[in-house]
Amino acid sequence: MRFSRLVEVACLTASLLAAACGDDNQSGGPGPGDPPGNPPGNPPGNPPPTGTGDPCRDIPALPAAYADWPQLAPAIGKDDAIEAQIAGLVAKMTLPQKVGQMVMGEIAETKPEDITTFSLGAMLNGGGSWPGNNRADAASVWRDLADSFFAASPTIDGVKIPVIWGIDAVHGNNNVRGATVFPHNIGLGAAHDACLAQMIGAATADEVRATGQDWAFGPTLAVVRDDRWGRTYEGFSEDPTIVRWYAEAAFKGFSSLDPDGKHLHGILPTAKHFIGDGGTTDGTDQGNNQHSEAELINLFGQGYYGALGPGGGQTVMISFNSWNDPTPGAAHPAQGKIHGSKYLVTDVLKNKLGFDGLTLTDWNGHGQVPGCSNADCPQAVNAGIDLFMIPARADLVAFIANTIHEVNLPASDPRHIAMARIDDAVTRILRVKARQGVLGSATPPSQRPGATDAGLLHRELARQAVRESIVLLKNEAVLPLARPTTKKILVVGNGADSFAIQSGGWTISWQGADVTNGDVPAGAGETILAGIQATVGADKVDTITHPADLATVDYTQYDAVIAVVGETPYAEGQGDITGSMTLGREAKYPGADVKAILDAVHGHAVPVVTVLLSGRPLWVNHELNQSDAFVAAFLPGSEGGGIADVLFRKADGSINVDFTGKLSFSWPKTDCETPLNVGDASYDPLFAYGYGLTYQTQASTVPTLDETQTAHGCNPNTVNTDVLPILNNTGAIDPYNLYLGADPNFNQLVEGPGATLNATVASSGDVMTVTGSSTLTVDLQGDGRRAQWTGHGFAQIYMQQVTASQDLSGFRDNDGAMVFKGILNEATTAQLTAQFTCGFPCRGVVDISALLGPVGAKTTFKIPLACFVPANATDPMDFSIVNAPFQLQTTGKLDFTFAEISWARHAAKDGDAAVCPTPGVAIPAP
């Protein structure tokens, strides 16, 4: 392990932790979220330690509740010389240069020459985006690209103004092959160790420097209040106390603050996402936070007070979610999308909190503000956002032109942007670059300290983090296991030998689900199985992959069975628990397979130790009942061997490493017990906040648990029989698959079993391609599917239920509509028809060419089912036997991105529903 800056953060001082927010701290009793301990009726555990005298582990209480947003005392103050230099530069910059500084391009589309042409201020690579689109690129290739960005950066008045490159380094520099992948934040919160959080921040800074970036888009400072949220694992805790404590520590690790109080030596961490993303209704990603402003201040704001005050944070990413205060008479009741809220971005963050760094959008977040698009949003500029993340080059170019135009509008125009707002944004961007030491620097990224492959080596620290973050929930005097002598250990489960499942989302790719063990080079990590084999000897370990094979096992050969089971990876909204799903029956948790495995290995007089890999607390009562010991390991990352360190004794029989982890999220008693948060009036978890056994508490008192499941899912407000989902941001909805076709004899599966969407599929005759990637965005990152017709002949895309059909006549009879969203990427004269089929030649057709919006603009299509007419006079049309409820067909040249397909009752009466076009001649069947 390279220590570099880690030595200086080996332990925080008691005085540092005593003031969680610098000079703004107030005296007072426990704040909101302080743990009440284990309520009666819950299994006994050891709550997080306090009063131990260990400044790394004692959680400082929150200050007394704030009546208003507190004025922070930031660790980095203004430097008169820097301010004068920046003012001189801003005065000499042209308006196009200023607006260029306010824009961030993405490496997949924006090239170094664009930096020169537009004077761009920043670059990013999204999750699953790599130099040359090659996930196997070495660190040196990343540094080469960073150098090319540096070389292309503008020079103004003799001063080099380099772009700063940001990367989603959310648990290590996780996009990069060979980088150390630390446990996700949900595990780090369970460690209750601020020194560990600070060391991991510093180590991640080293790893980002190694590949030439300046900036990490993390850590997430959400206080997670509903475990249905697909980003739960990015949060440290449901308790704002831990979030504030960790935010300060992590930011100090990332930034390596200079003692002069005016500079930093590390990289830029990002406080995200401001504000309230962990408190949306039903845990919906990018949804609506409907808490009061007092709760926003005292609950969801706490992480920002630690990060931006004593943590010295310089960048804040604005959140996708909305905020609408439901309090009667609220001063600010309807803010809507926070990207458009001047109150929250300027009045609160910049003025009341006193933040003088830069604010930035999330991925096209400004495009979600009503009246805006990805290419144009004066409301977000005027709200106070300084830097705009715009991944598509065409949108980037248009945004610069539109913003310049809006500055030149008369002040009376509602879309006018004042020059003072532009100057403020550019000043903040240059201030951050100066504080980081890159403004005016002649040193390219590859020549900066730490820009070497050695910066990617932090395995020892990661293994320590794994040991500290796992939590023992049940132990019937089974653990720690003795090392086998005459018998063996049997290891089973989908997570035993899988870097993907033990690491979760944001690992190599955005979603992380396509990661293979081959993506982790030798010497850069260890699966849980490999760690067990290394601990006890490979000859003492058997492993079985398929549940069916467990029926014939001779269990007398084994001292113990270790079942390593878990969720398949997900990120952002693709991990949301929606509709009929529950905490025990969610899309990413293979519950049936896990049940089959544990049922097979249970009851053979051999102890069963279950290790659960998950990004949230799950309802696993059956799994607990079938296990003699149960470990919540969350998402430990690349160093799975740390789990074996704790599960097994030393060779001499003594304890090797004891459990120290304590839950920072409450554990549900039922499969829909969410929201579930410490301090709730009706708080009744299975395992309370702070629970966690050690080897000093050998016997646990977990009784046989109720396994009754909820019939209709955890989302009674969103389970809507009036809507038939066909494709959403998670992909094709079962039982539908996505196909393309050029004639009746060529029908290519694009998305569904056995197909990988993240590729281009071309039909015969080169008439059409369909592409999906993490950069395609209609509403959510990666939700789009891009169809490109070459115009060489007939082609279609369609969603089809292959083996059956459905009676959808109820949608027609109740003013239903076909609903989807789309973006026209290039101007066209092609005719486009929307169709459904009821078994060829049975189909309905409507010409939607006139509904295509302007190029680059998102259009919501609501096509009344009454508009559909038979393909020709002799064809039937029967809504009772629909097998393909969505098709788009053309013979012309067309480039169109689509997303979020459904049929919806009553939608034909919506104000934005289409008016049925005059029936025309349909495209003839090929």
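Here is what the cut-offs are and how they apply
- Residues numbered from 1 in each chain as written.
- Predicted model: local features only at pLDDT ≥ 70, side-chain atom pairs only at ≥ 80, totals over all residues.
- Heavy atoms only, no water.
- Helix = DSSP H or I, 4+ residues; strand = E, 2+ residues; numbered from the N terminus.
- Buried < 20%, exposed > 50% of the residue type's maximum accessible area, 1.4 Å probe, protein only.
- Contact = heavy atoms within 4.5 Å.
- Areas by Shrake-Rupley, 256 points an atom, 1.4 Å probe, with all protein chains shown as cover.
- Pairing = 2+ DSSP bridges.
- Right-handed = clockwise from strand over helix to strand, strands pointing away.
- Disulfide = S-S within 2.5 Å.
- Arc of directions from axis to C-beta.
- Axes fitted to C-alpha atoms, helices over the stretch in contact; angles between N-to-C directions.
- Left-handed = near helix turned anticlockwise from the far one by under 90°.
- Nonpolar A, V, L, I, M, F, W, Y, C, P; charged D, E, K, R; others polar.
- Expected span 1.5 Å × (residues − 1).
- Phe/Tyr/Trp six-rings, centres within 6.5 Å; stacked < 30°, edge-to-face > 60°.
- Salt bridge = Lys/Arg side-chain N within 4 Å of Asp/Glu carboxyl O.
- Polar contact = N/O pair within 3.5 Å; in protein donor to acceptor, adjacent residues only side chain to side chain.
- Parallel < 35°, antiparallel > 145°, perpendicular 65-115°, else oblique.
- Core = buried A, V, L, I, M, F, W, Y, C linked by side-chain atoms within 4.5 Å.

Engineer: Give me the overall build of the chain: which residues, what numbers.
Structural biologist: Assigned secondary structure in the chain consists of 21 helices and 34 strands. Classification of the 926 residues of the chain by burial places 63% in the buried group. By sequence separation, contacts in the chain at least 24 residues apart represent 78% of the contacts at least 6 residues apart. About 30500 Å² of surface is accessible on the chain, with carbon and sulfur atoms providing 53% of the total.

Engineer: Tell me about the pairing of strand β2 (residues 122-125), and name the residues and values.
Structural biologist: Of the two faces of β2, both are covered, the one formed by A122 and L124 as well as the one formed by M123 and N125. Relative to β2, strand β1 (residues 103-106) runs parallel, the two being bridged by 3 bridges. Within β2, the position partnered with G105 by the bridge is M123. With respect to chirality, the unit in which β1 leads through helix α4 (residues 112-118) into the neighbouring parallel β2 is right-handed. Bridging between β2 and strand β5 (residues 164-167) involves 4 bridges; their strand directions are parallel. Residue pairing in the sheet places L124 in a bridge with G166 of β5.

Engineer: Please give an account of the state of the cysteines that cites residues and values.
Structural biologist: Within the structure shown, the criterion is met by 5 disulfides. Through a disulfide, C867 is tied to C916; the S-S separation comes to 2.0 Å. Where C867 bonds to C916 through sulfur, the torsion about that S-S bond is close to -85 degrees, and the disulfide is left-handed. Taken together, the positions of C867 in the loop between β31 (858-864) and β32 (869-870) and C916 in the segment after β34 (893-904) put the pair 49 residues apart, joining distant regions of the chain. Since its relative accessible area comes to 37%, C916 is described here as partly exposed. The connectivity of the disulfides in the chain is 1-2, 3-4, 5-6, 7-8, 9-10, where the numbers refer to bonded cysteines in sequence order.

Engineer: Explain helix α18 (residues 591-601) to me, and be specific about the residues and the numbers.
Structural biologist: Every α-helical turn comprises 3.6 residues, leaving residues that sit three or four positions apart pointing alike. Among the residues making up α18, those that are buried are V594, I597, L598 and V601. Projection of α18 onto a plane perpendicular to its axis shows the buried side chains occupying an angular sector of 90 degrees, all on one side. Structurally, α18 contributes buried residues whose contacts are with β15 (488-492), β17 (558-566), β18 (608-613) and α19 (621-625). A positive phi of about 90 degrees marks G603, the residue just after α18.

Engineer: Can you break down the packing of helix α7 (residues 194-210) against helix α8 (residues 240-255) residue by residue, with the values?
Structural biologist: The relative placement of two packed helices comes down to the angle between their axes together with the axis-to-axis distance. Running from amino to carboxyl end, α7 crosses α8 at an angle of 35 degrees, the nearest separation of the two axes being 7 Å. Helix-helix and strand crossings are classified by hand; for α7 and α8 the assignment is right-handed. Listed contacts from α8 to A194, A197, Q198, G201, A202, T204 and A205 of α7 are W245, Y246, A249, A250, K252, G253 and F254. Within the contact of α7 with α8, the residues separate by chemical class into 9 nonpolar, 4 polar and 1 charged.

Engineer: Outline the sheet that holds strand β11 (residues 336-337), supporting the account with residue identities and numerical values.
Structural biologist: Ordered by their spatial adjacency, 3 strands build an open sheet running β8-β10-β11, and the pairing between neighbours is mixed. A single partner strand is all that each edge strand has here, and the edge strands are β8 (288-289) and β11. Across 2 bridges, the pairing between strand β10 (residues 322-323) and β11 is antiparallel. Residue pairing in the sheet places W323 in a bridge with G336 of β11.

Engineer: Please give an account of unusual backbone geometry that cites residues and values.
Structural biologist: Residue H273 is bonded to the preceding K272 through a cis peptide linkage, with omega at 0 degrees. Along the chain, the position of H273 falls in strand β7 (residues 270-274). Here the bond from T674 into P675 is cis, since omega is 0 degrees, no more than 30 degrees from zero. Tracing the backbone through its elements, the reader meets P675 in the loop between α20 (641-647) and β20 (723-728). Here A477, not a glycine, exhibits a phi torsion of approximately 55 degrees, which is positive. Tracing the sequence through the fold places A477 in the loop between β14 (471-475) and β15. For A477, a relative accessible area of 57% translates into the label exposed.

Engineer: So what's going on with helix α14 (residues 419-436)? Residues and values would help.
Structural biologist: If you check α14, its first and last C-alpha atoms are 26 Å apart, about what 18 residues at 1.5 Å a residue would give, namely 26 Å. Counting buried residues along α14, 14 of its 18 residues qualify, which places the element largely inside the surrounding structure. Directly after α14, the chain includes G437, whose backbone phi takes a positive value near 90 degrees.

Engineer: Explain the packing of aromatic side chains residue by residue, including any values.
Structural biologist: By the definition in use, this model includes 22 aromatic pairs. Ring geometry for W245 and Y246: centres 5.3 Å apart, planes at 55 degrees, overall tilted. Residue W245 is classed as buried on the basis of its relative accessible area, which comes to 2%. Ring geometry for F836 and F868: centres 5.5 Å apart, planes at 65 degrees, overall edge-to-face. With F836 in strand β29 (residues 833-837) and F868 in the loop between β31 and β32, this pair connects stretches of sequence that are 32 residues apart.

Engineer: Tell me what's going on with the sheet that holds strand β19 (residues 629-632), and back it up with residues and numbers.
Structural biologist: Ordered in space as β14-β19-β18-β17-β15-β16, the 6 strands form an open sheet in which the pairing is mixed. Strands with a single pairing partner mark the edges of an open sheet, and in this sheet they are β14 and β16 (541-544). Neighbouring strand axes in the sheet, compared pairwise and without regard to direction, differ in orientation by 20 degrees on average. Where β17 and β18 come together, 6 bridges link them in parallel fashion. Pairing of I562 across the sheet is with V609, part of β18.

Engineer: Report on the pattern of salt bridges, specifying residues and quantitative values.
Structural biologist: Scanning the model with the defined rule gives 43 salt bridges in all. The closest approach of N and O atoms between D519 and R135, which form a salt bridge, is 3.5 Å. Residue D519 is located in the loop between α16 (499-503) and α17 (528-536), and its partner R135 is located in the loop between β2 and α5 (139-152); the two are separated by 384 residues in the primary sequence. When salt bridges with common partners are traced through the structure, they connect K350, D386, R421, D424 and R428 into a single cluster.

Engineer: Would you mind going over the side chain of T220 in detail, with residue names and values included?
Structural biologist: Mapped onto the secondary structure, T220 falls in the loop between β6 (215-216) and α8. Polar contacts involving the side chain of T220 include one to the side chain of E234, which spans 3.0 Å.

Engineer: Outline the packing of helix α2 (residues 80-92) against α14, listing residues and values.
Structural biologist: Here α2 crosses α14 at 135 degrees, and the two axes come no closer than 10 Å. One element, α2, and the other, α14, form an angle in the oblique class. Viewed along their axes, α2 and α14 form a crossing whose handedness is right-handed. Of the residues in α14, those touching α2 at I82, E83, I86, L89 and V90 are D423, V426, T427, L430, R431 and A434.

Engineer: Just give me the short version of the environment of Y305, but keep the residues and values in it.
Structural biologist: Mapping Y305 onto the fold places it in helix α10 (residues 302-308). When the C-alpha positions of Y305 and W69 are compared, they lie 9.7 Å apart, and in sequence the two are 236 residues distant.

Engineer: Account for the environment of A169, naming residues and giving values.
Structural biologist: Mapped onto the fold, A169 is located in the loop between β5 and α6 (185-191). A169 gets classed as buried once you look at its relative accessible area, which sits at 2%. Sequence separation between A169 and A216 is 47 residues; the distance between their C-alpha atoms is 5.2 Å. With sequence-adjacent residues up to four places away left out, A169 is seen in contact with N174, T204, V208, A216 and F217.

Engineer: Quick one: what's the story with the nonpolar core, residue by residue and with numbers?
Structural biologist: W69, W215, F274 and L344 are the most contacted members of the largest nonpolar core, which totals 132 residues. Ranked by residues supplied to this core, first place goes to α7 with 9 residues. Those residues within four positions of L344 in sequence are excluded, and the remaining contacts are W69, F274, I275, L296, W323, I338 and L349. Ranked by size, the runner-up nonpolar core spans 78 residues in total, among them I470, A563, L647 and W667.

Honestly, that's just the spatial picture; any functional story needs more than this.
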